[in-house]
Amino acid sequence: MWRSIRQLPSFSVRTTRTQTLPYSSFHSFSSPPLPKPKSSSSFLAAAKTMPSSTTVIVWTFNGFGNTTRCIAARCMSSFPTPQPEVVVDWNDAVSCSEVGDGGDENNVDDDGTLEEDTKRSIPVRAYFFSTSVDLRGLVEQNKQNFIPPTSRMTNYIVLKFGNLATSPGPGAFISGSDCCFMVVFQYGSIVLFNIREHEVDGYLKIVEKHASGLLPEMRKDEYEVREKPTLNTWMQGGLDYIMLQFLNIDGIRTIGSVLGQSIALDYYVRQVDGMVGEFTDINRGMEKTGTFTMDSKKLFQIVGKANSNLADVILKLGLFERSDIAWKDAKYAQIWEFLRDEFELTQRFASLDFKLKFVEHNIRFLQEILQNRKSDFLEWLIIILISVEIIISLYDLIKKSL
């Protein structure tokens, strides 16, 4: 703290904001030179001037006849708004907050919140590499990881890995933890939650031991779930992600069911596309040659494949069956409906059904052609037999007449 010194000259600096003055106005402030204080009693006072076009600095000296002088000065500042009159004396302390430290606390908070939201991201990966999985055998070998079902749906199971003691929910977030979940469906789909990409193969091998009908090419899809406890609504959809206040087991079951159906439906759509392409080639060949070379066995195989694909989509996938969890709770019904719209399950099945009708129409057409071919063969066979019988009868008559 500065101590006052008695009987020493003192002065104060006062700044007053005024409007811009012309250069000629500065002469009105002219006066005899200011007396110089003694070196032993001279003090350097820090003056704090506010931004303006022109600032009038008022010097007041005590000890020299209370002399007052005014000087007009122009100052520049980056402050956007004018400040009130400020007087700085010896004992006045100037805080750093008045000057400004150049930081923006709001931005820091926003960045911190943004960084927090980014960290609470849960990767979701869906795979389809077989047409059937033995769920009972899978549960027997992973009893410690098995989560008992909460609904009547028996075509899938949920396995938990990592920290088995904690359960996801309010206050316990999956993102940023070592907890991961795997939803396995009987028709061959696998949905992984919070599992890093380099760890995926290890979890798929657990299911591969109990899978049958392995496919030559594995289907894959990716999605993202974000946890945000400060979200105003229960859920908010985005492009390739869904944001929830928190993700629990029921949410995992609901999201996994839709993603499992989506990746499996993609496989069946591609199967039907192959059949459509095959019939397209046949029709083009018929257009050029007027006939086709497919035998009945190949056609019957295509018929069986088309019928089995349609049955698998309707019965195995349960594409038109509403989730039991969605029936019980409107929150999860909202998630279920949003994801079905996001992955366009209804539209894709309609496209699949249209392609199957095209295949069915071509099958019926080719079956009629094959049937006509068979009828023609039988007719010619009957004609040949009748002709042979007539020839034999004529031969007998000629032989008897001789």
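Refer to the preceding data block for the structure.
These numbers come from a predicted model, not from an experiment.

A. The arrangement of the overall build of the protein chain in detail. Helix and strand counts for the protein chain stand at nine helices and 12 strands. In the protein chain, which comprises 402 residues, the share counted as buried stands at 36%. Relative to all contacts within the protein chain whose residues are 6 or more apart in sequence, the contacts with residues 24 or more apart total 72%. Roughly 25100 Å² of accessible area belongs to the protein chain as shown, and the carbon and sulfur atoms make up 55% of that amount.

B. Structural context of the nonpolar core. Grouped together as the largest cluster of nonpolar side chains are 66 residues, with contacts concentrated most on Phe-181, Phe-193, Leu-247, Ile-255, Ile-335 and Leu-366. Among the elements that line this core, the one with the most residues is helix α5 (residues 249-289), at 17 residues. Leaving out residues up to four positions away in the same chain, Leu-366 has contacts with Phe-279, Ile-282, Met-286, Phe-292, Met-294 and Leu-299. With 20 residues, the next largest nonpolar core counts Leu-138, Leu-159, Val-200 and Leu-204 among its residues.

C. Quick peek at the pattern of salt bridges. This model, assessed by the stated rule, comprises 14 salt bridges. Asp-266 is the partner of Arg-219 in a salt bridge, and the nearest nitrogen-oxygen pair spans 3.1 Å. Taken together, the positions of Arg-219 in strand β10 (residues 211-227) and Asp-266 in helix α5 put the pair 47 residues apart, joining distant regions of the chain. By relative accessible area, which is 23% here, Asp-266 ends up partly exposed. With a closest N to O distance of 3.1 Å, Glu-360 and Arg-364 form a salt bridge. Here Glu-360 and its partner Arg-364 are both found in helix α9 (residues 345-401), four residues apart, which amounts to about one turn of the helix. Connected via shared salt-bridge partners are Arg-125, Glu-197, Lys-220 and Glu-222.

D. Broad picture of the pairing of strand β12 (residues 241-244). Taking every second residue as pointing to the same face, both faces of β12 are buried, with Tyr-241 and Met-243 on one and Ile-242 and Leu-244 on the other. Note: β10 against β12, three bridges, orientation parallel. In the strand pairing of β12, Val-225 is matched with Ile-242. The sheet contact formed by strand β11 (residues 235-238) and β12 spans four bridges and is antiparallel. Note on β12: the bridge partner recorded for Gln-236 is Met-243. Counting the residues between successive antiparallel strands, the hairpin from β11 to β12 contains two residues, one of them, Asp-240, with a positive phi of roughly 65 degrees.

E. Fine view of α9. Compared with an ideal rise of 1.5 Å per residue, which puts 57 residues at 84 Å, α9 spans 83 Å between its outermost C-alpha atoms and is within 8% of the ideal. Those residues of α9 that sit buried are Leu-345, Arg-348, Phe-349, Leu-352, Leu-356, Val-359, Asn-362, Ile-363, Leu-366, Ile-369 and Leu-370. As for α9, its buried residues are in contact with α5, α6 (296-316) and α8 (330-342).

Thresholds, definitions, all that
- Residues numbered from 1 in each chain as written.
- Predicted model: local features only at pLDDT ≥ 70, side-chain atom pairs only at ≥ 80, totals over all residues.
- Heavy atoms only, no water.
- Helix = DSSP H or I, 4+ residues; strand = E, 2+ residues; numbered from the N terminus.
- Buried < 20%, exposed > 50% of the residue type's maximum accessible area, 1.4 Å probe, protein only.
- Contact = heavy atoms within 4.5 Å.
- Areas by Shrake-Rupley, 256 points an atom, 1.4 Å probe, with all protein chains shown as cover.
- Core = buried A, V, L, I, M, F, W, Y, C linked by side-chain atoms within 4.5 Å.
- Salt bridge = Lys/Arg side-chain N within 4 Å of Asp/Glu carboxyl O.
- Pairing = 2+ DSSP bridges.
- Expected span 1.5 Å × (residues − 1).

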